[in-house]
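Inside the fold
Now for the letters of each chain:
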Amino acid sequence: MLRRFSSQSGNARIIVITTGGTIVQKFDRNLGGYVPKTSGKELIESVGSEVNLETIDLIEFAMIDSRAVDLEFLYNLSKLVQQKINDEEVDGIVIVHGTDTMEITAYFLHRSVYSPMKPIVITGAMRVVTNSDYDGKANITNAIKQVSNPESLMFGYGVSINFAGKIHSPINVHKEHSFAIDPFTSGSYGVIGMMHTSRIDWLNNPKKSLCIPLPDKLESVLSVPIVYAIPGATIDILDGFIEKKFRALIIVAYGSGNVNENMYYAIKKAVEHGLKIVLVTNCKYGGVYAEYGGIGGNQSLRDIGVIMADDLNPYQAMVVASLVFDNEYLSNEYALEKYFSNKINE
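Residues numbered from 1 in each chain as written. Predicted model: local features only at pLDDT ≥ 70, side-chain atom pairs only at ≥ 80, totals over all residues. Heavy atoms only, no water.

Quick look at the nonpolar core
It is characteristic of soluble globular proteins that their nonpolar side chains tend to be buried jointly. Ranked by size, the top nonpolar core spans 57 residues in total, and within it Ile17, Val81, Ile93, Val324, Phe325 and Phe340 carry the most contacts. Beyond its immediate chain neighbours, meaning those up to four positions away, Val324 contacts Ile212, Leu330, Leu336, Tyr339 and Phe340. (Core = buried A, V, L, I, M, F, W, Y, C linked by side-chain atoms within 4.5 Å. Buried < 20%, exposed > 50% of the residue type's maximum accessible area, 1.4 Å probe, protein only. Contact = heavy atoms within 4.5 Å.)

Following this line, the structure appears as structure tokens:
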């Protein structure tokens, strides 16, 4: 029998948190499309023949399509996950989530939840339950098996994505296909592990990043837009963000962090108005670093106070910026740049 989570259930081992996604969707004739309808209880009971439900406590956190994920969702989920990870009786957590924003949620939790020895595994589905090739049951089963696997304490602790039999690091994972049943890749870095029935073949040790303390208030988690450098950029391209008093922007630059002259002057104006500008590359690998001179070269951007986000991709830089620039626990603004990296350089 599946136990619903409560503060009195003092013998919980695995927490399953459901948030919605394709995995819980059914067709709605009135809306003319698929919408979240299956309860978390139904979802978890569907894998009862594969896992021991007596080891599982369920929290139905949300029932949304993951396109609706916002900062409030991320903040409250992070707080909940940290609370449960801190419980000595909890061995690990499985989060059921839609794939559209799964990698963003995974990275937000990776940077904001301190979980040195417990796995937090995110999974979902690319097919609805009525499809003949429904993948949700296998994915949830594998995620629970990963959390239950004693080797996860050594190889798979912290946040990971378990999907289509593959275990991905939140640092390297990317959804590269919009409808394939195996949509995620870790590129040339490779996956952390592969599921093999109840066994896991561990292939890589997951990389770790500096943990960022979650601010006390949701209002301190900033909305940070992402803007791409484009050939047709004008010097007023960022004026709307200045007028709306945004605190920070992510600029996706060319190559190792370069922009054209108009974009440079737009960035310079934004910096002069107090915006924190964080620079990332449009390339899949390599990151940004100061080496090119001249107006718009990455060195000229560094010289006016732009933060180089090392090896972060745009969404990762957005997550870090949202967490650090108004964080009461990070008072030294000159030390914030160290967080804009997937390497630990303390």
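A closer look at helix H8 (residues 314–324)
Burial analysis of H8 places ten of its eleven residues in the buried class, which makes it a mostly covered element. Every buried residue of H8 is listed here: Pro314, Gln316, Ala317, Met318, Val319, Val320, Ala321, Ser322, Leu323 and Val324. Elements in contact with the buried residues of H8: helix H3 (102–112), strand S14 (226–228), strand S15 (248–253) and strand S16 (276–281). One side-chain oxygen at the N-terminal end of H8 lies 3.1 Å from the backbone nitrogen of Tyr315; it belongs to Asn313. (Helix = DSSP H or I, 4+ residues; strand = E, 2+ residues; numbered from the N terminus. Polar contact = N/O pair within 3.5 Å; in protein donor to acceptor, adjacent residues only side chain to side chain.)

Details of the pairing of strand S8 (residues 158–163)
Among the six residues of S8, six are classified as buried, and the element is accordingly described as predominantly covered. Note: strand S7 (residues 119–123) against S8, four bridges, orientation parallel. Residue pairing across strands places Ile120 opposite Val159, the latter belonging to S8. Alignment of S8 against strand S9 (residues 166–168), held across three bridges, turns out to be antiparallel. Paired with Asn162 across the strands is Ile167, a residue of S9. In this antiparallel pair of consecutive strands, S8 and S9, the connection spans two residues, and Ala164 shows a positive phi of 55 degrees. (Pairing = 2+ DSSP bridges.)

Considering the side chain of Asn149
Take Asn149: it is sitting in the loop between helix H4 (136–148) and S8. Using a relative accessible area of 10% as the deciding quantity, one classes Asn149 as buried. When residues no more than four places from it in sequence are discounted, the contact partners of Asn149 are Ser198 and Ile200.

Things to note about helix H6 (residues 261–272)
Over its twelve residues, H6 runs 17 Å from end to end, which matches the ideal 16 Å to within 8%, given 1.5 Å per residue. Within H6, the full set of buried residues consists of Met263, Tyr264, Ala266, Ile267 and Ala270. In an axial view of H6, the angular spread of the buried residues amounts to 165 degrees, which keeps them on one side of the axis. Among the structural elements, S14, helix H5 (239–243), S15, S16 and helix H7 (298–303) are those in contact with the buried residues of H6. N-capping of H6 is provided by Asn260, with a side-chain oxygen placed 3.4 Å from the backbone N of Asn262. (Expected span 1.5 Å × (residues − 1). Arc of directions from axis to C-beta.)

Some points on the confidence of the model for the protein
This prediction gives the protein a mean pLDDT of 91; 95% of its residues lie at or above 70. Low pLDDT, under 50, characterises residues 1–12; the predicted model gives this stretch 29 contacts beyond four residues in sequence or across chains. (pLDDT = per-residue confidence, 0-100.)

What about the sheet that holds S14?
Pairing between sheet strands relies on hydrogen bonds along the backbone, with the strands arranged either parallel or antiparallel. With parallel pairing, the four strands of this open sheet are ordered in space as S14-S15-S16-S17. Pairing within the sheet leaves two strands with one partner each, and these edge strands are S14 and strand S17 (307–308). Sheet topology places S14 next to S15; three bridges connect them, and they run parallel. Across the sheet, the residue bridging to Val227 is Ile251, located in S15. Relative to the sheet, H6 contacts S14, S15 and S16, its axis offset from that of S16 by approximately 145 degrees. (Axes fitted to C-alpha atoms, helices over the stretch in contact; angles between N-to-C directions.)

Comments concerning a nonpolar patch on the surface
Judged by side-chain polarity, Ile235, Tyr265 and Ile295 come together as a nonpolar surface patch covering roughly 280 Å² of accessible area. In this fold, Ile295 is placed in the loop between S16 and H7. (Patch = residues over 30% accessible without salt bridge, like charges linked within 9 Å, V, L, I, M, F, W, Y side chains within 5 Å. Areas by Shrake-Rupley, 256 points an atom, 1.4 Å probe, with all protein chains shown as cover. Salt bridge = Lys/Arg side-chain N within 4 Å of Asp/Glu carboxyl O.)

Observations concerning empty space enclosed by the protein
A complete count under the given rule lists one cavity of 30 Å³ or more for this structure. The computed volume of the largest cavity comes to approximately 60 Å³. Lining the largest cavity, in full, are Glu103, Ile104, Tyr107, Pro170, Val173, Asn313, Tyr315, Gln316 and Val319. Secondary structure elements with two or more residues in the lining of the largest cavity: H3 and H8. Residues belonging to the lining of the largest cavity are distributed by class as follows: six nonpolar, two polar and one charged. (1 Å grid on protein atoms, 1.4 Å probe; cavity = no way out; pocket = protein on both sides within 12 Å on 5 of 7 lines; lining within 4 Å. Points joined across faces, edges and corners; volume = space filled by probe spheres on them. Nonpolar A, V, L, I, M, F, W, Y, C, P; charged D, E, K, R; others polar.)

Structural notes on the pairing of strand S6 (residues 92–96)
In terms of burial, S6 is largely enclosed, as five of its five residues are buried. A two-sided burial pattern is seen for S6, the buried positions comprising Gly92, Val94 and Val96 on one face and Ile93 and Ile95 on the other. In this sheet, S7 lies alongside S6 in parallel orientation, the contact comprising four bridges. In the sheet register, Val96 faces S7, and the bridge partner there is Thr123. As a crossover connection, the stretch from S6 through H3 into S7 is right-handed. (Right-handed = clockwise from strand over helix to strand, strands pointing away.)

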